[in-house]
Amino acid sequence: QVQLVESGGGLVQAGGSLRLSCVASGRTLSGYVIGWFRQAPGKERERVASVPWTTGTPYYADSVKGRFTISRDNAKNTVYLQMSSLKSEDTAVYFCAARRLMTAEYNYWGQGTQVTVSS
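Residues numbered from 1 in each chain as written. Predicted model: local features only at pLDDT ≥ 70, side-chain atom pairs only at ≥ 80, totals over all residues. Heavy atoms only, no water.

### Some details on unusual backbone geometry
Then step 1. Notably, N77 is not glycine yet its phi reads approximately 55°, a positive angle.
Then step 2. Relative to the helices and strands, N77 is located in the loop between β7 (68-73) and β8 (78-83).
Then step 3. With phi around 70°, M102 is a residue other than glycine that occupies positive phi space.
Then step 4. Tracing the backbone shows M102 in the loop between β9 (92-100) and β10 (108-109). (Helix = DSSP H or I, 4+ residues; strand = E, 2+ residues; numbered from the N terminus.)

### Section: the sheet that holds β7
Then step 1. Strand order in the open sheet formed by four strands is β1-β3-β8-β7, and the pairing between neighbours is antiparallel. In this open sheet, the two strands that pair with only one neighbour each are β1 (3-7) and β7. For this sheet, the mean inter-axis angle between neighbouring strands, taken without regard to orientation, is 15°.
Then step 2. Where strand β3 (residues 18-25) lies against β8, six bridges are found, and the strand directions are antiparallel. Following the sheet pairing, S21 is matched in β8 by Y80. (Pairing = 2+ DSSP bridges. Axes fitted to C-alpha atoms, helices over the stretch in contact; angles between N-to-C directions.)

Okay, here's the thing in structure tokens:
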């Protein structure tokens, strides 16, 4: 089992920045991919970024490319999502999730953290 806990959400003005953290516990994440997703009211859940736990190229949705950066600190079992140049349309609940490499489904999810961007 993998437990994921997000933090770092909050209220920020448009153009500002936030850094989300996702702390993982329960087992080694070697062989897993960690993703950040978001869901706004009335909209489908969207994967915004993901990265393999050990090595590999990060993925970014077109909507966040150039503004968001995903990174990991293996020693702290933590994955970060640095969000800059925030826009009102970035307002959503942000979740981190984990899936095993070579599978498509994210099986482990955190509880989510709210990000609200005021214009």
